[in-house]
Amino acid sequence: MAMSPSLVSLLFFMLLLVQVMSGGIDLTWYDARATFYGDAAGGETMQGACGYGDLFKQGYGLETTALSTALFNNGFTCGACFQIMCVNDPQWCIKGAAPIKVTATNFCPPDYSKTTDIWCNPPQKHFDLSYKMFTSIAYYKAGVIPVKYRRVPCVKSGGVRFELKGNPYFLMVLVYNVANAGDVSNVSIRGSKTGWITMSHNWGQNWDAKMNFLGQSLSFLVTTSDGKTLNFPLVVPSNWQFGQTYEGKQNF
């Protein structure tokens, strides 16, 4: 028996919902607050506590945010994407403004010496947005606004990227341009002369292994916060050098 178009649409929506939920994406809106840092050019938002560098070259641009301690999770949330909208403040929220989508690329540190405007102190959930993103949903004179936020899938172009740093006996790898969940929870490395070695979380999205991998081609296993794991076999050739970045053939 043929199904009606409405039933087909309902089944498709339920399937999509299951896929989204199983991907670790939370459809629930939560309350928080937001401020901004830097100017319209965004120079102050480059680098930061996630380990990223030139956010324009790395594909993040100005659509970024720093996270308070309650959201930063010691750097494990770096790379996650959030949808944010200004709420409950008719004076400062821009009427009709669409929600913004940003990637976590920095940390908003707490200031325990202050007794007011302690937005980034635990346990508060707070987003310190780039100037461009803040002024997309609110007037800059507001300074701080109430917002609602939720985790959303990250959409990226190309494969996951690996930037190699360190010295002959200490390899540190920045993992970035990660789609879907966006944030990485585990990384393993295998040289052409080694087995799989679990890397240590160093800071932000930098992962390290205390071993000499020079002259070896490198493979990686990357696991994101939703539990998905991808294998990147021989993504780094044996003639690699520190400071270079290599791109995988796939993404999450």
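Summarised in this report is the structure supplied together with it. (Residues numbered from 1 in each chain as written. Predicted model: local features only at pLDDT ≥ 70, side-chain atom pairs only at ≥ 80, totals over all residues. Heavy atoms only, no water.)

Across its full length, the chain holds three helices and 15 strands. Structurally, the chain occupies a C-alpha span of about 70 × 60 × 30 Å along its principal axes. When the 252 residues of the chain are sorted by exposure, 45% land in the buried category. For the chain, the exposed area adds up to about 12500 Å²; of that, 57% sits on carbon and sulfur atoms. Of the side chains in the chain, 19 bear a positive and 15 a negative charge, and the two mean positions are spaced by 6 Å. (Helix = DSSP H or I, 4+ residues; strand = E, 2+ residues; numbered from the N terminus. Buried < 20%, exposed > 50% of the residue type's maximum accessible area, 1.4 Å probe, protein only. Areas by Shrake-Rupley, 256 points an atom, 1.4 Å probe, with all protein chains shown as cover. Lys, Arg positive; Asp, Glu negative; His and termini not counted. Charge placed at Lys NZ, Arg CZ, Asp CG, Glu CD.)

Reading around the circumference, β1-β5-β2-β4-β3-β6 is the order of the six strands in this closed barrel, with mixed pairing throughout. Going across the sheet, the axis of each strand differs from the next one's by a mean of 45°, ignoring polarity. (Pairing = 2+ DSSP bridges. Axes fitted to C-alpha atoms, helices over the stretch in contact; angles between N-to-C directions.)

Counting 32 residues, the largest nonpolar core has Tyr52, Phe82, Ile84, Phe127, Leu129, Ile137 and Ile145 as the members making the most contacts within it. Contributing elements (two or more residues each) for this core: β1 (30-37), α2 (69-72), β3 (81-86), β4 (100-107), β5 (126-130), α3 (131-137), β6 (145-152) and β8 (170-176). Beyond its immediate stretch of four places on either side in the chain, Leu129 contacts Ala34, Thr35, Phe36, Tyr37, Thr64, Thr65, Ile84, Ile100, Val102, Phe134 and Ile137. Core analysis: the second largest hydrophobic core is formed by 24 residues, Val173, Val184, Ala209 and Val236 among them. (Core = buried A, V, L, I, M, F, W, Y, C linked by side-chain atoms within 4.5 Å. Contact = heavy atoms within 4.5 Å.)

Before going further, it helps to examine the layout of surface pockets. Where empty space is left in the structure can be found by rolling a water-sized probe over the atoms. Quantified by volume, the largest pocket comes out at close to 190 Å³. Lining the largest pocket we find 13 residues, and of these Gly59, Glu63, Thr103, Val155 and Lys156 sit closest to its centre. Top element by residues in the lining of the largest pocket is β4. It accounts for three residues. Each residue belonging to the lining of the largest pocket can be placed in one class, and the counts come to five nonpolar, four polar and four charged. (1 Å grid on protein atoms, 1.4 Å probe; cavity = no way out; pocket = protein on both sides within 12 Å on 5 of 7 lines; lining within 4 Å. Points joined across faces, edges and corners; volume = space filled by probe spheres on them. Nonpolar A, V, L, I, M, F, W, Y, C, P; charged D, E, K, R; others polar.)

For the coordinates displayed, the defined rule picks out four disulfides. Put simply, Cys50 and Cys78 are joined by a disulfide, and their sulfur atoms are 2.0 Å apart. Between Cys50 and Cys78, the S-S torsion sits near -80°, and that sign places the bridge as left-handed. Of the two residues, Cys50 is situated in the loop between β1 and β2 (64-67) and Cys78 in the loop between α2 and β3; the sequence distance between them amounts to 28 residues. Like Cys50, the residue Cys78 is buried in the burial classification. Residue Cys108 pairs covalently with Cys120 via a disulfide, S to S 1.8 Å. Handedness of the Cys108-Cys120 disulfide follows from its S-S torsion of about 90°: it is right-handed. (Disulfide = S-S within 2.5 Å.)

Looking at the secondary structure, you find Asp128 in strand β5. Within the buried set, Asp128 has no salt-bridge partner at all; the shortest N-O distance to an opposite charge, 10 Å, is to Lys114. For Asp128, the side chain forms a polar contact with the main-chain nitrogen of Phe36, separated by 3.3 Å. (Salt bridge = Lys/Arg side-chain N within 4 Å of Asp/Glu carboxyl O. Polar contact = N/O pair within 3.5 Å; in protein donor to acceptor, adjacent residues only side chain to side chain.)

Attention now goes to the pairing of strand β9 (residues 184-191). Pairing analysis gives seven bridges linking β9 to strand β13 (residues 218-224), with the strands arranged antiparallel. Its bridge partner lying in β13, Arg190 is registered against Ser219. In this structure, β9 lies alongside strand β10 (residues 196-198), joined through three bridges in antiparallel fashion. Across the sheet, residue Arg190 finds its bridge partner in β10, namely Trp196.

The strand order across the open sheet formed by five strands is β11-β12-β8-β7-β15, and the pairing between neighbours is antiparallel. One side of each edge strand has no neighbouring strand; the edge strands of this open sheet are β11 (200-203) and β15 (245-247). Ignoring strand direction, the axes of neighbouring strands in this sheet form an average angle of 30°. In the sheet, strand β7 (residues 161-167) pairs with β15 via three bridges, with the strands oriented antiparallel. Along β15, the bridge assignment pairs Phe162 with Tyr246.

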